[in-house]
Each structure stands twice: as C-alpha cells, then as structure tokens.
Amino acid sequence: MFINSISSEYARATTNGPYKNDSEFFDRFYPPFAYIRNMKRLFPLLAGILPFAVFQTEAAPSYSIIPEPARTELKQNTTKTLKLLSDKASPSLGIDAYQLTVTPQGVHLASGGREGRIYGLVTLQQLQDQLAAQPEGIPCGVITDKPRYPWRGMMVDPARHFIPIKDLKKFVDLMAYYKFNKLHVHLTDNQGWRLPVPGYPRLQSVASKREESFGDGIPHEGMYTRQELKDLVAYCAARGIEVIPEIDVPGHNQALHAAYPEFFCFPKPDMKVRTVAGNSKELVCPQKPEVWKFYATVFKELKDIFPSNTVHLGGDEAPTELWKKCPLCREARTKAGMKDEQEQMRAFFAKMTALLDKNGQTPQFWYEGNADIYHPGETVYAWRQDQARQAIEKTKKAGLNLIMASNEYCYLDFPQFPGQYNWGWMQTTTLQKCYELDPAFGKSTAEAGHIRGVHAPVWAEHLPDLNHLLYRVYPRAMALAEAGWSPMEVRSWENFQRKVADHRPFVLKRFNYDLKRTKDNEPPFRWENKK
C-alpha cells in the first residue's frame with residue numbers, strides 16, 4: 001500500500017505539483033533519502049581532507065613477507081601481539097632454516113643455525129611492520145622456511161662512482177631486510193681503483209682519481225681505508241651477509257695503467273683514468289714479474305681485510321689484441337707451445353688461482369662461454385643477455401658452479417620503465433620481468449643442480465650516488481630476492497604485487513626510504529649524454 005500511494009503521489013506532484021525535481025519530492029516523503037544524498041556529498045569532501053586515511057576494520061587475511069616463505073600454514077585465529085616468547089636452537093631444521101609459530105599470545109622462533117635465526121628474526125621484523133600498519137591483527141600460523149639457493153647476492157660498483165661507507169651500510173640494511181646474503185664489491189675498473197695496497201701509493205694519488213665524468217668537468221675520487229672496509233665487513237656479518245671483493249684482471253685496468261704503466265705490455269706514461277663508460281684494450285702483461293709481485297700483495301691485503309675466502313677476479317671483456325703484439329707474450333707462447341692468446345689467458349688464470357690458493361682463497365669469474373679459460377670446480381656468473389639457458393648446459397658439462405646474473409633479468413642499473421634514461425643501449429627491465437626469473441629455467445635438479453643462486457649487479461657508470469642507486473635497485477631487488485629464496489610453487493606475481501604495495505609504508509617507516517616508482521620520479525642526471 002505504501003509503495004502504491006507513493007507512486008501515485010509522485011506522479012501528481014512532479015507533473016503539476018509544487019516539487020521542482022525528484023530530490024525535493026523524496027526529501028518530503030522519504031527523509032532517509034536526504035541523508036543518503038548528503039552523505040554522498042560528504043564523502044568526496046572527506047577524501048580531500050584525509051587523502052591517506054585507511055579505514056581498516058578487520059584483521060589482515062594473509063602475511064606480507066618478501067621473499068615468500070617456503071611453507072606457510074595460516075590458522076583461523078589472529079594475533080595483535082608479536083612478542084618473542086621463545087627463541088630456541090633446532091639443528092634438525094638445517095643451518096639456514098627456521099620455523100616461526102605465531103600465536104594469539106606472541107611468537108615462538110626455532111632456528112637450525114646462526115643464518116636461520118637471522119632470517120627468522122627478519123621475517124619477524126616484516127610481520128611486526130605489517131602489524132603496525134594493520135593493528136586490527138594478522139593471522140596466527142606456522143612459517144617453516146629455508147632458502148631455495150644458498151647464494152643470493154647483490155653487486156655494488158664503487159669503482160665507477162665511489163660509495164661512502166655510510167651509504168653502503170644503508171644499502172646493506174635493505175639487503176638484509178630481504179634476506180640477501182652476499183655483497184659483492186667491485187673495487188677496481190677503468191674509472192677508478194678503491195682498494196689501498198701497501199707499497200703502492202700511486203693507487204691512491206693517481207688511480208683513485210679522475211678528472212671528470214662524461215664531460216661534466218667535476219673531478220671524482222675516492223679510496224677506502226683498511227679500517228673502513230673492515231667496519232663494513234663486520235656490519236655485514238652481523239646481518240648475515242658475506243662481503244666478496246672483486247679485483248678485475250687482466251682487463252678493465254686503465255686506472256691501474258695510469259698509476260703503474262710498467263705493469264702493461266706497452267706502457268703509456270701519459271695514460272689517464274678513464275672518464276667515460278666502456279672498456280679499453282689495456283691488459284696487464286702476464287710476463288712481467290712485477291705484475292705477479294703486485295697481485296700477490298693485493299691478495300694478501302684482501303685476506304687481511306675480508307674473512308671471505310672468495311675473490312672475484314672479473315675475467316670478462318679482456319681483448320687479447322695487445323698480448324698478440326707484445327714481444328714478451330709472443331716469446332712466452334712460443335716457448336710453452338701455446339697455439340694462441342686464449343691458451344695464454346687460461347695459463348694466466350691458472351697462475352692467479354695458484355696465488356689465491358696460497359692464502360686459502362678461491363676465485364670467481366664473469367662467464368665468457370667461449371673462452372675455455374676455467375677449471376673444474378670454479379664458480380662463474382652467467383651475465384650475457386639471452387645466454388642463460390646455454391650457460392646452464394655448458395657449465396654443467398665443464399664441471400663449473402653457476403650463479404645466475406643474466407642481464408635481462410638481473411642488471412638493476414637498467415631502466416625499469418619504458419622512456420627512462422637508457423643511454424642509448426640499455427634495455428628496459430620491468431619489475432615483472434625480474435619476477436619472471438626462474439634461475440633453473442624449469443630444468444631438473446639433475447640438469448641444474450650446479451646452480452648456486454642469484455646475483456643482481458648494479459653497475460654504476462651512470463649512477464653517481466646512493467639516491468640514484470636505490471632508485472634503480474628497488475623494488476626490483478625484492479623480485480630477485482624471491483627468485484633466489486622461494487620455491488617456484490609458492491611464487492605468484494599477483495601476490496607479489498600485493499606485497500610490494502604493502503611494503504612501501506614498511507620501508508618508509510623503518511628505513512626512511514620511499515619505494516614509490518613512476519616513469520617520471522627518477523632523480524635527475526646531470527650529464528648531457530643521457531639518451
């Protein structure tokens with residue numbers, strides 16, 4: 001009856017009656033209509049006043065942990081406290097594994113070893129950050145976790161642009177938050193030498209300095225002290241991170257040539273430290289005794305500073321043109337019955353490896369698939385574009401260990417949005433492209449069991465400071481963290497996107513760093529040749 005009378009009255013009133021429109025009529029006969037209409041006007045106003053307000057009314061339905069744990073069992077109940085109730089050793093879990101049990105009363109941690117405990121506490125940190133953002137509660141549950149691969153590394157490049165220790169420590173803080181465990185420091189290259197070596201003062205006075213960068217007219221320099229590097233090592237160790245130094249040989253050595261031209265086949269006393277990107281033909285001469293004396297001193301210094309027994313020797317992009325012309329090298333090849341410079345390169349690295357072995361150190365290399373310069377048991381990094389699958393097969397056959405650093409997935413100095421600066425050659429590597437990496441490319445353990453893990457190089461020819469560095473590294477490093485840690489069956493691009501969005505306030509609050517990324521919010525570059 002009410003509906004019928006309303007309908008009749010509406011027809012008469014809006015045709016000839018006093019009501020100008022529908023709203024006036026319904027305000028008179030149905031007062032709640034006015035309330036609804038006014039609230040519709042109010043909500044946009046509130047949105048303008050409170051643009052960041054979040055009206056969370058119930059507990060979070062899942063965890064926001066990066067990298068995704070190997071196994072998560074969620075319970076029906078929730079908790080509003082993450083107080084650590086117990087922290088016990090459980091060796092049967094494995095040295096790098098942990099189990100975190102979340103209850104309404106708090107958290108119980110069991111870990112298989114020092115590494116596992118560190119990772120468990122990092123997961124607890126992320127849950128605490130999630131609870132702070134969602135105080136209505138998070139689910140109770142049991143997280144049983146360990147990494148898929150033992151090697152989850154990142155490389156920084158202070159050789160190209162010097163990175164102060166305080167900035168490296170901030171970089172390390174974020175690494176640890178996402179369970180990376182190897183920091184690879186590229187200490188020498190054409191554009192600078194950053195390691196102090198006793199008895200070789202021109203490394204600091206000459207090789208650590210260049211006149212400018214890309215024609216900007218601004219001098220650039222930097223050299224770490226032994227104590228600074230030791231402090232960095234200790235800082236990393238407390239966070240479960242091993243520091244791997246790199247001394248590039250025999251190439252990428254224009255800065256060394258500027259300081260000590262006598263180490264080279266054709267000394268050039270007027271050689272300058274390189275001021276632009278790219279490589280040069282300058283290789284140290286393997287037939288000069290002073291070269292081997294120098295590197296013996298370098299490796300001893302590395303041993304004194306870095307507890308790691310691993311030394312990265314570079315070994316990539318080493319054109320042998322000057323070795324082919326060098327009278328000393330030609331004589332040595334003839335005397336040893338070597339057919340070409342590649343055999344000489346193999347002998348060079350065998351001698352370098354023997355020098356390291358005296359200190360209990362082992363080498364690593366950037367993998368050049370056709371070089372045939374490696375020895376069984378050594379570790380190499382697959383880095384060249386579109387050669388990852390081939391590298392898996394070749395290194396397996398050669399008896400080498402492999403770390404996946406394929407540049408189309410892992411080079412984090414590449415732009416992350418189309419249209420960002422790429423200097424005329426870099427491909428765009430999106431967050432989703434990084435996330436798509438399966439280090440084994442679907443191969444079985446029998447085919448890919450020699451893969452040790454994942455590595456994210458951040459070459460810094462064009463990244464002058466920490467701000468530029470972090471902008472390009474994150475959030476893509478989070479995708480590679482998950483590629484190195486999480487089994488494929490628990491990974492999900494949709495879930496990962498949700499977690500990245502959740503982590504923006506986590507990282508902002510904990511590290512005072514904003515993960516917001518758009519095509520246009522990259523810090524500006526001062527160089528003109530930035531196309």
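Residues numbered from 1 in each chain as written. Predicted model: local features only at pLDDT ≥ 70, side-chain atom pairs only at ≥ 80, totals over all residues. Heavy atoms only, no water.

Explain the sheet that holds strand E4 (residues 106-111) here, please?
Across a sheet, strands are paired by hydrogen bonds formed along the backbone, either parallel or antiparallel in direction. What the five strands build is an open sheet, ordered E1-E5-E3-E4-E2; its pairing is mixed. At either end of the open sheet lies a strand with only one pairing partner, and these are strand E1 (71-79) and strand E2 (84-89). Averaged over all pairs of adjacent strands, the angle between strand axes in this sheet comes to 15°, irrespective of strand direction. Alignment of E1 against strand E5 (residues 138-145), held across six bridges, turns out to be antiparallel. By the bridge assignment, Leu74 is partnered in E5 with Gly141. Each of E1, E2, strand E3 (98-103), E4 and E5 is contacted by helix H4 (residues 114-133), which is oriented at about 30° to E3, the strand it contacts most. (Pairing = 2+ DSSP bridges. Helix = DSSP H or I, 4+ residues; strand = E, 2+ residues; numbered from the N terminus. Axes fitted to C-alpha atoms, helices over the stretch in contact; angles between N-to-C directions. Contact = heavy atoms within 4.5 Å.)

Explanation requested: the side chain of His455 in the structure shown.
Topologically, His455 is positioned in strand E17 (residues 451-457). Judged by its relative accessible area of 0%, His455 is buried. A polar atom in the side chain of His455 sits 3.0 Å from the side chain of His184. Setting aside residues no more than four positions away along its own chain, His455 makes contact with Trp151, Gly153, Met154, Met155, His184, Tyr381, Ile403, Met404, Ala405 and Cys410. (Buried < 20%, exposed > 50% of the residue type's maximum accessible area, 1.4 Å probe, protein only. Polar contact = N/O pair within 3.5 Å; in protein donor to acceptor, adjacent residues only side chain to side chain.)

Can you help me understand the nonpolar core in this one?
Soluble globular proteins tend to pack their nonpolar side chains together in the buried interior. Formed by 133 residues in total, the largest nonpolar core has its most connected members in Trp193 and Tyr295. In this view, Tyr295 contacts Ile247, Asp248, Val249, Asn253, Leu256, Val284, Met352 and Leu355; residues no more than four positions away in its chain are not counted. The next biggest cluster of nonpolar side chains, apart from the first, holds 17 residues, and it includes Tyr63, Ile118, Tyr119 and Ile138. (Core = buried A, V, L, I, M, F, W, Y, C linked by side-chain atoms within 4.5 Å.)

Before we go on, may I ask you to explain the sheet that holds strand E7 (residues 182-186) in this structure?
Strand order around the closed barrel formed by eight strands is E6-E7-E12-E13-E14-E15-E16-E17, with parallel pairing between neighbours. If you compare each strand with its neighbour and ignore which way they point, the axes differ by 30° on average. The sheet strands contacting helix H9 (residues 289-305) are strand E12 (242-249) and strand E13 (310-314), and the helix crosses E12 at an angle near 170°.

Is there a simple way to explain the packing of aromatic side chains in this structure?
The description of an aromatic ring pair uses the distance of the two centres, along with the angle that the planes make with each other. By the definition in use, this model includes 32 aromatic pairs. Between Trp151 and Tyr381, the ring centres sit 6.3 Å apart and the planes meet at 85°, which makes this aromatic pair edge-to-face. Of this pair, Trp151 sits in strand E6 (residues 151-156) while Tyr381 sits in strand E15 (residues 379-382); the two residues are 230 residues apart in sequence, bridging distant segments of the chain. Residue classification places Trp151 among the buried positions, given a relative accessible area of 9%. By relative accessible area, Tyr381 is classed as buried at 0%. (Phe/Tyr/Trp six-rings, centres within 6.5 Å; stacked < 30°, edge-to-face > 60°.)

Even after reading the chapter, I still don't get the pairing of strand E14 (residues 362-366), so can you show me in this structure?
Across the five residues of E14, four count as buried, placing the element largely inside the fold. In this structure, E13 lies alongside E14, joined through three bridges in parallel fashion. Counted as the bridge partner of Val311 is Pro363 from E14. Both E14 and E15 contribute to a ladder of three bridges, which runs parallel. Residue Phe365 lies in a different strand from E15, and its bridge partner there is Val380.

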